[in-house]
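Architecture and fold: a report
These are the residues of each chain, in order.
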Protein chains: 2
Amino acid sequence: MTNHSATLDRAFQALADPTRRAILARLGSGPASVSRLAEPFTMAMPTLLQHIRVLEQGGLIGTEKVGRTRICALRPDALRETEGWLARQRAAWEGRLDRLDAYLLTMKDATDES
Amino acid sequence: MTNHSATLDRAFQALADPTRRAILARLGSGPASVSRLAEPFTMAMPTLLQHIRVLEQGGLIGTEKVGRTRICALRPDALRETEGWLARQRAAWEGRLDRLDAYLLTMKDATDES
DNA sequence: TGGTTACTAAGCCATATGACTAACCATTCC
DNA sequence: GGAATGGTTAGTCATATGGCTTAGTAACCA
């Protein structure tokens, strides 16, 4: 449906970096603080914080300040929209709308529960 | 499975631009020459060619020189891999592997036919 | 052969990105 | 209160990106 260019831009841009994808993967097992997220990486904190902001602006994660720590958590919605764009494209160029239908059912399921 | 960082980097990067997504959408209805793809845009040819190269390096399209024209066509494989990464993430953070299973079945279907 | 068409190459420019350091809040703990 | 912890701001730097122009080269057409 909607082809929110700017939103998709930021989402895909956010995904186009291994550090940020690793952060997302890490957040898959639950929310975490910034310093917790920084642990596996060798980079300086401000650098990592920048990545976190990119993810946030891409709508992929949400953050909240709790005391002196900032907690980061996934926001499935944007990912679902991103995935939806891909699925739509794929369905189009595979010339089989039935596959899209199947996918959209999955999406609907997931949305209903969120 | 595989988490080809560099490949995903380039694929997502290629998708992070509305011009390039428009090109992909256009190619959804069949292969086209560079100048054909350029028609809807106001930008100069070299600029558009650059976008095409980004798409090609991201594995999303393939091109072939035919006489003096270059024909561009979609390459569903990379998109499927990209979509797969997203689906895997979503499945993980939704804590429901059954949904991933359903998705992988779809993928398998599509691959069998390609 | 000579012109037009379709792409390519080279180089320039402005802005964005990803990294760093150093310094600065704002909690929390002793 | 003073120190440690967790994050943030500001500023620098190198490279990448996305746009342009100008000038080619390689088919095809008359």
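So, here's what we can say about the structure.

The rules we used
- Residues numbered from 1 in each chain as written.
- Chains lettered and ligands numbered in written order.
- Predicted model: local features only at pLDDT ≥ 70, side-chain atom pairs only at ≥ 80, totals over all residues.
- Heavy atoms only, no water.
- Pairing = 2+ DSSP bridges.
- Helix = DSSP H or I, 4+ residues; strand = E, 2+ residues; numbered from the N terminus.
- Contact = heavy atoms within 4.5 Å.
- Axes fitted to C-alpha atoms, helices over the stretch in contact; angles between N-to-C directions.
- Salt bridge = Lys/Arg side-chain N within 4 Å of Asp/Glu carboxyl O.
- Buried < 20%, exposed > 50% of the residue type's maximum accessible area, 1.4 Å probe, protein only.
- Arc of directions from axis to C-beta.
- Lys, Arg positive; Asp, Glu negative; His and termini not counted.
- Polar contact = N/O pair within 3.5 Å; in protein donor to acceptor, adjacent residues only side chain to side chain.
- Near = heavy atom within 4 Å.
- Nonpolar A, V, L, I, M, F, W, Y, C, P; charged D, E, K, R; others polar.
- Phe/Tyr/Trp six-rings, centres within 6.5 Å; stacked < 30°, edge-to-face > 60°.

What follows concerns the sheet that holds strand 3 (residues 69–74) of chain B. All names here are of chain B. Strands sit in the order 1-3-2 across an open sheet of 3 strands; the sheet is antiparallel. Each edge of the sheet is formed by a strand with only one pairing partner; in this case those strands are strand 1 (32–33) and strand 2 (61–66). Looking at chain direction, strand 2 and strand 3 are connected through 6 bridges and run antiparallel. Directly across from Glu64, in strand 3, lies its bridge partner Ile71. Each of strand 2 and strand 3 is contacted by helix 4 (residues 45–57), which is oriented at about 120° to strand 2, the strand it contacts most.

Let's shift gears to the pattern of salt bridges. Counting across every chain of the model gives 8 salt bridges over all chains. Measuring nitrogen to oxygen at the nearest pair gives 3.4 Å for the salt bridge that ties Glu39 of chain A to Arg36 of chain A.

All names here are of chain B. Bridge analysis of strand 1 against strand 3 gives 2 bridges, and the strand direction is antiparallel. Opposite Ala32, over in strand 3, you have Cys72 as the bridge partner. Linking strand 2 back to strand 3 in an antiparallel pair, the connection comprises 2 residues, with Gly67 at a positive phi of about 65°.

Within an α-helix, residues lying three or four positions from one another point in the same direction, as the helix has 3.6 residues per turn. Those residues of helix 1 (residues 5–15) of chain B that sit buried are Leu8, Ala11, Phe12, Ala14 and Leu15 of chain B. Angularly, the buried residues of helix 1 of chain B cover 160° about the axis, an arc narrow enough to put them on a single face. On its buried face, helix 1 of chain B sits against helix 1 (5–15), helix 2 (18–27) and helix 5 (76–94) of chain A together with helix 2 (18–27), helix 4 and helix 5 (76–93) of chain B.

Mapped onto the elements of the fold, Asp17 of chain A is located in the loop between helix 1 and helix 2. For the buried Asp17 of chain A, no salt bridge exists, and the shortest N-O distance to an oppositely charged side chain is 4.4 Å, to Arg20 of chain A. Within polar-contact distance, the side chain of Asp17 of chain A engages the backbone nitrogen of Thr19 of chain A at 2.8 Å. With near-sequence residues (within four places) excluded, Asp17 of chain A lies in contact with His51 of chain A together with Asp9 of chain B.

Turning our eyes to something else, we now look at the protein's contact with DNA strand C. Taken together, 21 residues lie near DNA strand C, and Thr47 and His51 of chain A together with Ser35, Arg68 and Arg70 of chain B sit nearest. Put simply, 68% of the atoms of DNA strand C that lie within 4 Å of the protein are in sugar or phosphate. In the model, a phosphate oxygen of DNA strand C is placed 2.2 Å from a nitrogen or oxygen of the His51 of chain A side chain. One nitrogen or oxygen atom from the side chain of Arg68 of chain A is found 2.9 Å from a base oxygen belonging to DNA strand C. Counting residues per element, the ones that place at least two in the surface near DNA strand C are helix 4 (45–57) of chain A together with helix 3 (34–38), helix 4 and strand 3 of chain B. Residues belonging to the surface near DNA strand C are distributed by class as follows: 7 nonpolar, 7 polar and 7 charged.

This part covers the sheet that holds strand 3 (residues 69–74) of chain A. All names here are of chain A. Here we have 3 strands laid out as an open sheet, ordered 1-3-2, and antiparallel in their pairing. Where the open sheet ends on each side, the last strands, each with one partner, are strand 1 (32–33) and strand 2 (61–66). The strands touched by helix 2 within the sheet are strand 1, strand 2 and strand 3, with strand 3 carrying the most contacts at an inclination of about 85°.

In this section: the packing of aromatic side chains. With the rule as written, the count across this model stands at 3 aromatic pairs over all chains. Taking 6.0 Å as the distance between ring centres and 80° as the angle between the ring planes, the aromatic pair formed by Phe12 of chain A and Trp85 of chain A counts as edge-to-face. Separated by 73 residues along the polypeptide, Phe12 of chain A in helix 1 and Trp85 of chain A in helix 5 bring together distant segments of the chain. This pair shows no difference in class: Phe12 of chain A is buried, exactly as Trp85 of chain A is. Centroid distance Phe12 of chain A to Phe12 of chain B: 6.1 Å. Interplanar angle 35°. Geometry classified as tilted. Highlighted residues: Phe12 of chain A in helix 1 and Phe12 of chain B in helix 1, drawn from two different chains. Owing to a relative accessible area of 0%, Phe12 of chain A belongs among the buried residues under this scheme. One aromatic cluster is present, built from ring pairs that chain together Phe12 and Trp85 of chain A together with Phe12 and Trp85 of chain B.

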